[in-house]
Structures are given as C-alpha cells and as structure tokens.
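Each chain, written out:
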Amino acid sequence: MEKNWWKESVVYQIYPRSFCDSNSDGIGDLNGIRSKLDYLHELGINVIWLSPVYKSPNDDNGYDISDYQDIMDEFGTLDDFDRLLEEAHALGIKIVMDLVVNHTSDEHPWFVESRSSKNNDKRDFYIWREGKDGGTPNNWGSCFSGSAWEYDEKTGMYYLHCFSKKQPDLNWDNPRVRDEVFSMMTWWCEKGIDGFRMDVISMISKVEGLPDGKIEGNSGFGGLENTTNGPHVHEYLQEMNRRVLSKYDIMTVGECAGVTIEEAKKYASLDGKELNMVFQFEHVGLDYDEHGKWSDRRFDLKELKANLSKWQNELEGKAWNSLFWDNHDQPRIASRLGDESPISAKAVATVLHFMKGTPYIYQGEELGMTNCRFGKIENCRDIEEINAYKDLVGSGKMTAGDMMAGIEAKGRDNARTPMQWDATENAGFTTGKPWIMVNPNYKEINAEAELKDKNSVFHYYKKLVALRRRSEWSDLIVYGRYRLLDTDSSEIFSYTRELDGRKIFVLCNLTDKEVGYKSEFVKEKSLLVSNYKDAYLRDSMTLKPWFAAVWEV
Ligand code: GLC
Ligand code: CA
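Quick look at the structure, then. This is a predicted model, so every value here is computed, not measured.

## A look at the overall build of the protein
If you tally the helices and strands in the protein, you get 16 helices and 20 strands. A compact globule built from 553 residues would reach a C-alpha radius of gyration of about 24 Å, and the protein, at 23 Å, matches this within 12%. The principal-axis extent of the C-alpha atoms belonging to the protein is close to 75 × 50 × 45 Å. Contacts in the protein between residues at least 24 apart in sequence constitute 70% of all its contacts with a sequence separation of at least 6.

Below, the structure is given as structure tokens:
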C-alpha cells in the first residue's frame, strides 16, 4: 500500500470555544490554543483539526459562517491565526480547518443578497421554492427539529435549511457557488494550512425535484435520505479535487452522515480522486432507540465489534478509514462505552488505537473526561438539544425526565463542557464566567494532575500515540491487516494486525468484571502496552475488569 503522511498521523480535535480562554470572557480563543501547543506536543499528536473559527453569529457555535475569510471576534484575529499556524508548524504540528460549505449563516452577505429579491444576482446561490398546497415545498425535516423549510415574507417563498433556519443550504448545482467555494479554499491553502475536515459534505447534492422523504418515526417529517449521497456529490468532489485539493499536499476528511461502505469506497478511494477518508457514523448510532439519539441505551458489544470490523475489512485495500469514538457532536466514550473509571478509559482507547485507519482524539478524551450531569435544560447550550427538548417534551412524546436522561447520555453538550486543565476554579479554563457549565469532576480529572501521574489516562494515550507514530511497530500498526477474533464474545474485544510476517494481538475485556479467557497465542515476543502491570500472555487466563493489553506474538 502506498505510504502517506496522513495515514501515519494522529489527529487531535479542538473545539475552540471550550478549549482555553486567554482573556477571561469565558470563551475559548486562538491565543488560548497557542498557549497549549506544548501540551499537545507532549501528547505527541501531529495534526490539529480546528472546529470552525470563522466569523459567525453562533447559532450553531461557528457551524453557521457569515465570513469564510475572517476570524470570529470572540476567537481573535487573522493575525492570531497566522501566529498559531506558525507556532504549530514550528513544533511539527499541522492544522486542518473545518470547511462548512453545505450551508452558510443567514447573515452571510450571499444570503442577505439572495433573500432580498427574486431576481437578485445571488438568488440561485441557495435553494428557494414556492410553497405547495398552502404549506412547505416538501415534507423534509431539519436535523435540528421541525421543518427544513423556512418561509420568507419578503419574496413569499421558502428556503431550504437542513440544519437551523439560520443555516440556509447552498445550491451546489450552481457553478458560481462552486467557483466561490473553491477560490475561498485556495485562499486558505495559500496561507499554508494543512487540510480540511468537510462538514456534512455528503449532503451537498440534493435529489432532483426534491421529492418527499420517508416519514421518520413519529416526527411527522420526511427523513433526509434525499439530501445525502445525492446524484452529483462525487462529481462535485472530483471537481474540487482537480481544482483545489490536488494542488497541495494536504489531508482531507469528509463528514459523511448516512454513508454506506459502497459510498465510502467512492469518497475515500485510494486512487485519490476525491477525499483521503470519511467519517462514517454507523457505529455511533448503534446505541440509539425509538427516540433516536435521546436514549440512555448502551452499546451491545457484539454488534459494535461486528460493525467496526465490517468497515475494517471492507475498506481494506480500497479506501482509508478514520477511527474515532468522540467529537464535538458525540457524548464522551469514557461514559458511553467505559464506566467513567480511568482504567476503562484506557481500555476503550486501546481497542480503537490499534485498528487500521487514522485515529482522532477529541479534546479531553486523553484525560478520560466524562459526560456531564446537566440536571436541567437551562444548563444546556446546544441548539439540537434545546430544540429537541421543546419538540419532544412540549408535545408529550417524552417526559422531561427521560429527555434529560437522553441528553445526559447522548447530547452534544457532553463534549462541549470546558477542557479540564487543573483543579483551580473553572478547571483552569477561564478566570471569567464560562459560557457553559464546567463538569464538576474537574478536581479529580484534569491535565495538571495527569501530567504528574505516570499511570494516568494522559500518559496511556501518549504511549498509544508514540507506538503508532515512532516505534518499531509503527508500520505494522498503520498498514497491517486487521482480523477480528472471539466474534461471539459479548465481553472481549480482541483482534490481530499483521504485516510482513509480524503480528500483534490486541486483547481487551470491556466489562467491569473478571472474565476467563483462552488464547490461541501461547507466548508473546513482547508487550507493547497494557493498562495493568505485568501483563503476561498465557493460553488460559483470568482477565481483570477492563483489562487491555497488546503483544507482539
Ligand atoms: C456537522 C457538525 C455539527 C453541526 C452540523 C451543521 O454535523 O459536526 O456540529 O451542527 O454539521 O453544520
Ligand atoms: Ca476568550
């Protein structure tokens, strides 16, 4: 397989609003990130993915952009950005930008013009339709509850917004929209950035005629199947690749809601015509129920293993995987799959970090940060949670108690509580009033304490990163072939990776109980890592709770 730096990288995602506040306004910022580059260097990662830092009215925390070529006031200035890029590069850390171009903010000058009149020059930059039978043009629902259409008084027509009504969808079928987006991307590449994470990029091409969707559960709205993996999506990405991406040595990862294996092979094909890799979401949908994500249901381990292994095996030799448990839209894996103990955080990290693909660590994951007990909706900040609460509790479809339990288990704010730097007030994130509550467990879980403790989750992550990035096993961990073992076990997650006659064996007990285990490998050549001391491999053993180890066999 062809070797590429982005296959050999470990990416760290920063959600700037919640990372580090340098000027006491309670909001994280670029200078805050600059002050923590040494910490990231110590962890050993070599790429930062920066969630959006562009000008934005913050209806969806920066995923609603009003100027793609400037920085959000609260985060700093373009000069601050240039300094951040330069200092990161000096440490050997690359920066990947979030590219949010399925939609803009309704305050973007393109939309302000577009909505001003039916014959405005930018009218066709967005998706405008007449109403039907006195209602919306079709039955599509927004990902943030309610209809995906908003009626606009001024011209008496509706515009499409797959997310909030302040996030109107761009019309990618218009070649002028593509020209504008590509030239903006070129501007960032010329600045020297190192890649793009492309927000909901699988949604940029809508099915022709915008037909009604299949009604989803009891929402009353049609699903968004007509908006994902649409008829021209690959054509547009290939055009983007020809006109922009192929001219630079950058990495690209597409956020692809609703992507299947077959589609992923096109988006992330190793022939390099579109993107380097995709984020797929099948595995993080396995603990949903009839209320969708608003459920405290836990993973079924057998199902989770089968799903992740399917992606490992079916993309082998054809496309490249990304590996993630957490991001700014997901609850914390230490709570979701672990039991919030540090030992469990290390176990769940182990199963992910030896798979084939590029691993992503979300800020705080390397500390074993957990979900937050928000208690009441007034403590939540996320537009998705707030809208869903109004909708589901307001209509009596869920009780307030069940909905809060769902939010505390799966809501996006779990990932957005401030980074826990130390045991001082507000976890050292800010000396002002934080924009969202701090998780009260910061006195136990924080970076300062973990840096000092060689047995901490932080130091364990540091080992995982070092093994992949610079060890005698690096090639094997990056390029080796994956094979799942113990398929039928609902307690053990185990697999091998193999390259050029060398083999490693990954063995994890993903329960809080002792589990008896018989191994087909009797003897180890060496131990790569374990979350217990003295992890010897025998043909028959009793695995302690959350035991994880990796051996060369
Ligand atoms: C993506 C982002 C999410 C955002 C949405 C709309 O899913 O990750 O945070 O709300 O797109 O931009
Ligand atoms: Ca600030």
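## Structural notes on the coordination of the calcium ion (ligand 2)
Protein-derived coordination of the calcium ion (ligand 2) comes from D21 (OD), N23 (OD1), D25 (OD), I27 (O) and D29 (OD), at a distance range of 2.2 to 2.4 Å. Considered as a linear motif, the donors of the calcium ion (ligand 2) on their single chain read D-x1-N-x1-D-x1-I-x1-D. We classify N23 as partly exposed; its relative accessible area is 46%. For D25, a relative accessible area of 35% translates into the label partly exposed.

## What to know about the sheet that holds strand β14 (residues 481-485)
Ordered by their spatial adjacency, five strands build an open sheet running β14-β15-β16-β20-β18, and the pairing between neighbours is antiparallel. Each end of this open sheet is capped by a strand with a single partner; those strands are β14 and β18 (526-530). Averaged over neighbouring strand pairs, the angle between their axes works out to 20° when direction is ignored. Direction of pairing for β18 relative to strand β20 (residues 548-552): antiparallel, over a ladder of four bridges. By the bridge assignment for β20, L527 is matched with W551. Seen against the sheet, helix α15 (residues 457-469) touches β18 and β20 and runs at an angle of roughly 135° to β18.

## Quick notes on the packing of helix α5 (residues 175-191) against helix α6 (residues 233-243)
Think of two packed helices as two axes; the pair is described by the angle between the axes and how far apart they sit. α6 packs onto α5 with a crossing angle of 40° between their chain directions and a minimal axis gap of 10 Å. The pairing of α5 with α6 is recorded here as oblique in orientation. Considering the relative orientation of α5 and α6, their crossing is right-handed. Residues R178, D179, F182 and M185 of α5 form the contact with α6, whose own contacting residues are Y236, E239, M240 and R243. Residues of the contact of α5 with α6, tallied by class, amount to four nonpolar, no polar and four charged.

## Some thoughts on unusual backbone geometry
If you check the backbone angles, N229 has positive phi at about 50° while not being a glycine. Locating N229 in the fold gives a position in the loop between β9 (195-198) and α6. A positive phi angle is found at D500, which is not glycine, with a value near 45°.

## What to know about the site of ligand 1
Within the structure, ligand 1 sits among 14 residues, and D60, D199, E255, H328 and D329 are positioned closest to it. Between ligand 1 and R197 there is a distance of 3.0 Å, counted from an oxygen atom to a side-chain nitrogen or oxygen. Coverage of ligand 1 by the protein chains reaches 96% of its 310 Å² of free accessible surface. When the residues that make up the shell around ligand 1 are grouped by side-chain class, the tally is four nonpolar, three polar and seven charged.

## Here's the deal with the pairing of β14
Examined bridge by bridge, β14 and strand β15 (residues 492-499) share five bridges and lie antiparallel to one another. Bridging across to β15, R481 finds its partner in E498.

## Describing the environment of E366
Looking at the secondary structure, you find E366 in the loop between β13 (358-362) and α11 (383-394). Using a relative accessible area of 0% as the deciding quantity, one classes E366 as buried. For the pair E366 and S335, spaced 31 residues apart in sequence, the C-alpha to C-alpha distance is 13 Å. There is a polar contact of 2.7 Å between the side chain of E366 and the side chain of Y39.

## Side note on the state of the cysteines
One pass over the full model with this rule turns up zero disulfides. With no disulfide of its own, C162 has C143 as its nearest cysteine by sulfur position, at a separation of 6.4 Å. Given a relative accessible area of 0%, C162 falls into the buried group. Of all cysteine sulfurs, the one in C256 lies closest to C189, which takes part in no disulfide; the gap is 18 Å. The class for C189 is buried, based on a relative accessible area of 5%.

## Digging into the packing of aromatic side chains
Under the definition given, this model contains 31 aromatic pairs. Look at F111 and Y126: their rings are 4.9 Å apart centre to centre, the planes differ by 80°, and that puts the pair in the edge-to-face class. One end of the pair, F111, is in helix α4 (residues 109-114); the other, Y126, is in the loop between α4 and β6 (128-129), and 15 residues separate them in sequence. F111 sits in the buried class, given a relative accessible area of 0%. Looking at Y126, the relative accessible area reads 2%, which means it is buried. An aromatic cluster is built from Y54, Y68, F81, W110, F125, W187 and W188, whose rings are joined through pairwise contacts. Taking the ring centre of W421 as reference, the NZ or CZ of K36 above it sits at 4.1 Å. The aromatic ring of W128 is capped on one face by R123, whose charged end is 3.8 Å from the ring centroid.

## Quick look at the nonpolar core
Counting residues in hydrophobic clusters, the biggest one holds 141 residues, and the most contacted among them are M185, F196 and F354. Setting aside anything within four residues of it in sequence, one finds M185 in contact with L99, F196, M198, M240, V244 and L245.

## Quick look at the packing of helix α3 (residues 78-90) against α5
Viewed as axis vectors pointing N to C, α3 and α5 meet at an angle of 50°, and their least axial separation amounts to 11 Å. As the angle between them shows, α3 and α5 are arranged oblique. Across the interface between the two elements, L78, F81, D82 and L85 from α3 touch W187, W188 and K191 from α5. Of the residues belonging to the contact of α3 with α5, the class tally is five nonpolar, no polar and two charged.

Reading the values: rules and limits
- Residues numbered from 1 in each chain as written.
- Chains lettered and ligands numbered in written order.
- Predicted model: local features only at pLDDT ≥ 70, side-chain atom pairs only at ≥ 80, totals over all residues.
- Heavy atoms only, no water.
- Helix = DSSP H or I, 4+ residues; strand = E, 2+ residues; numbered from the N terminus.
- Rg over C-alpha atoms; globule rule 2.2 N^0.38 Å.
- Contact = heavy atoms within 4.5 Å.
- Donors = N, O, S within 2.8 Å, 3.2 Å for Na, K, Ca; no water.
- Buried < 20%, exposed > 50% of the residue type's maximum accessible area, 1.4 Å probe, protein only.
- Pairing = 2+ DSSP bridges.
- Axes fitted to C-alpha atoms, helices over the stretch in contact; angles between N-to-C directions.
- Parallel < 35°, antiparallel > 145°, perpendicular 65-115°, else oblique.
- Left-handed = near helix turned anticlockwise from the far one by under 90°.
- Nonpolar A, V, L, I, M, F, W, Y, C, P; charged D, E, K, R; others polar.
- Near = heavy atom within 4 Å.
- Polar contact = N/O pair within 3.5 Å; in protein donor to acceptor, adjacent residues only side chain to side chain.
- Areas by Shrake-Rupley, 256 points an atom, 1.4 Å probe, with all protein chains shown as cover.
- Disulfide = S-S within 2.5 Å.
- Phe/Tyr/Trp six-rings, centres within 6.5 Å; stacked < 30°, edge-to-face > 60°.
- Lys NZ or Arg CZ within 6 Å of the ring centre and 35° of its normal.
- Core = buried A, V, L, I, M, F, W, Y, C linked by side-chain atoms within 4.5 Å.

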